[in-house]
Amino acid sequence: MTQIAKKAKAPNRNNAKRNLSILISILVFMIAQTGCASGQSGTTADADTVKIAYLPITHALPVLEEAKQLQEQSGLQVELVKYGSWPELMDALNTNRVDGASVLIELAMKSKEEGIGIKAVALGHHDGNVLITSQDIAAAEDLRGKTIAIPHRQSSHYILLNEALNKGGLTIEDVHVTELAPTEMPASLMSGQIDGYCVAEPFGAMGVSIGAGKVLYTSDELWEDSFCCALVLTDQFLENRPEDAKTVTEYYKTAGDSLSPESEMEIAQQYLGQSEEVLKESLQWISYHDLDITREDYETLTEKVREYGLSDNPPSYEDFVKNDF
Ligand code: ZN
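Read on for a plain summary of the structure. Predicted, not measured: the structure shown is a model, and the values here were computed from it.

As summarised here, the arrangement of the five strands in space is 8-7-9-6-10, forming an open sheet in which the pairing is mixed. For this open sheet the edge positions go to strand 8 (176-179) and strand 10 (214-218), each flanked by a neighbour on one side alone. The average undirected angle you get between the axes of adjacent strands in this sheet is 25 degrees. One ladder, built from four bridges, connects strand 7 (residues 147-150) with strand 8; its direction is parallel. The residue of strand 8 that forms the bridge with I150 is E179. Packed on one face of the sheet, helix 5 (residues 156-167) meets strand 6 (130-133), strand 7, strand 8, strand 9 (196-198) and strand 10 and runs near 150 degrees to strand 7.

So this is what it looks like as C-alpha cells:
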C-alpha cells in the first residue's frame, strides 16, 4: 500500500456554497458513524436474544429486515449491534461478544484461517458494488498510476479492482492502492486525494450523488454474481444454541427473499440515515434473493482470493460454510 499524494486541482471547480453543504452532510454522517459501537455492553445475549453485528450499509439489509420479521413472528429477538468499522466488528465477532455478523466474507475467511471458530451460513447479497472514479477516467487503461481506495485488502472490493485492471491490461502494481474508511471516500475523491474507490454501498452512490465521480464499472461487469458479504455465526452459538442458529439462518434467507424495492427503501431509510436519492441510486445495483452459498460460487471466490494474493490458504467449503441445518 502506498501513501496518498495530494494533488492540486482547480479550486473553483465547484462553488463554495455547494462544497460547504456537501462537507456538512458528510461530517454529520461521519459523526453518526463514530458513535456506532460506543455503549455496547459486550455481554453475552440472554436465551431469547441473538446478537448480530452489522455496519450501516445497504449490504446488511437482510439482517435488518430479519430482525423486524423475527420480532413479529417468533419468540426469538435479534439484537442488532451497530459498528462503525470492519475491524471493530471483527473484534466483537472474534471474541464472541456477538453471536454473528453481516460481514465481508473475505475478512471472515481470514479469521477462520487464523483459527477463529466461525462459519458462514448465507450470503449478504448478490452484486451491489461499483468502482467509482473521477470524471477524467474513461476506461480501465486510464487507471494506470492512479490512487484507488478500498476499505480493506481482505474484501471483494480489492478483487473487483484487480478485475477492472485486468480489463485494461493492467495489474495491481500499476496503481497506488490505499485503505480508507468508507465514510471518507466520497470526500477524498471530491478533493482529488484519490482518483477512485470501490467500497460497500451506499458510499459509491454517495460519490455519484455529490458529483465527486462516476460509475466506471458495476460489479456484475467485472465478476458476475460476485460474493461480498455473508451472514457469519460463531461456533459457540452454533454449538450451544443449534435450534436458534437454524431459526436465525432460515428467517434471514426468507427476509432476503421477501425484500422488494419498496421494502428495501423503507428499511434502508430506517437504519442507514441516507437520502432517498442516494439509496435509490445504490439499490439498483444489488439483490438479496437466493442467499445460499453454493459450493461452485465459493470455489470461484477462493480461486480469486488466491490469484490476487488475499490468502494462499483460504478455508475449504466444508470447513467454513454451513448449509446442513
Ligand atoms: Zn457486501
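Structure's up, so let's keep going.
Moving on, we get to helix 4 (residues 105-113). Along helix 4, seven of the nine residues are buried, which leaves the element largely enclosed by surrounding structure. The complete set of buried residues in helix 4 reads I105, E106, L107, A108, M109, S111 and K112. Residue G115 follows helix 4 closely and has a positive phi angle near 100 degrees.

A separate point is the pairing of strand 7. Burial of strand 7 is two-sided: the residues T147 and A149 facing one way and the residues I148 and I150 facing the other way are all buried. You can see the chain leave strand 7, run along helix 5 and come back into strand 8, and the turn it takes is right-handed. Note that strand 7 and strand 9 share two bridges and pair parallel. Paired with A149 across the two strands is Y197, which belongs to strand 9.

Judged by pairing direction, the sheet is mixed, and its five strands sit side by side in the order 2-1-3-11-4 without closing on themselves. If you trace the sheet from one side to the other, it starts and ends with strand 2 (77-82) and strand 4 (118-123), each paired once. Adjacent strand axes in the sheet meet at a mean angle of 30 degrees, parallel and antiparallel pairs treated alike. Bridge count for strand 1 (residues 49-54) against strand 2 is six bridges, and the pairing is parallel. Bridging across to strand 2, T49 finds its partner in Q77. Across the face of the sheet, helix 4 comes into contact with strand 3 (100-104), strand 4 and strand 11 (229-234) while running at roughly 115 degrees to strand 3. Strands in contact with helix 10 (residues 242-258) are strand 1, strand 4 and strand 11; relative to strand 4, the strand with the most contacts, it is inclined by about 30 degrees.

So, about the coordination of the zinc ion. At the metal site, the zinc ion is ligated by H59 (ND1), H125 (NE2), C228 (SG) and C229 (SG), and these contacts range over 2.1 to 2.3 Å. Sequence spacing among the residues donating to the zinc ion works out to H-x65-H-x102-C-C. Taken together, the residues H59 in the loop between strand 1 and helix 2 (61-73) and C228 in the loop between helix 8 (219-222) and strand 11 connect sequence positions 169 residues apart. Of the two residues, H59 and C228, neither departs from the other in class, the shared state being buried.

Here the structure, examined in full by the defined rule, presents three aromatic pairs. Geometrically, the ring pair formed by Y54 and Y271 is edge-to-face, given 6.4 Å between the ring centres and 90 degrees between the ring planes. Taken together, the residues Y54 in strand 1 and Y271 in helix 11 (residues 261-272) connect sequence positions 217 residues apart. Judged by its relative accessible area of 5%, Y54 is buried. Judged by its relative accessible area of 23%, Y271 falls in the partly exposed class. Three or more aromatic residues joined by ring pairs form one cluster here, namely Y298, Y317 and F320.

Before going further, it helps to examine the nonpolar core. L61, L89, V103, L143, Y298 and L301 are the most contacted members of the largest nonpolar core, which totals 104 residues. Sort the elements by how many residues they give to this core and helix 5 lands first, with six residues. Two domains each donate at least three residues to this core, and these are domain 1 (49-124 + 227-312) and domain 2 (129-222). Every residue in contact with L301, bar those within four places of it in the chain, is listed here: I105, E106, M109, I159, W223 and F227.

Each value, and the rule that gives it
Residues numbered from 1 in each chain as written. Predicted model: local features only at pLDDT ≥ 70, side-chain atom pairs only at ≥ 80, totals over all residues. Heavy atoms only, no water. Pairing = 2+ DSSP bridges. Helix = DSSP H or I, 4+ residues; strand = E, 2+ residues; numbered from the N terminus. Axes fitted to C-alpha atoms, helices over the stretch in contact; angles between N-to-C directions. Contact = heavy atoms within 4.5 Å. Buried < 20%, exposed > 50% of the residue type's maximum accessible area, 1.4 Å probe, protein only. Right-handed = clockwise from strand over helix to strand, strands pointing away. Donors = N, O, S within 2.8 Å, 3.2 Å for Na, K, Ca; no water. Phe/Tyr/Trp six-rings, centres within 6.5 Å; stacked < 30°, edge-to-face > 60°. Core = buried A, V, L, I, M, F, W, Y, C linked by side-chain atoms within 4.5 Å. Domains from an automatic or database assignment.

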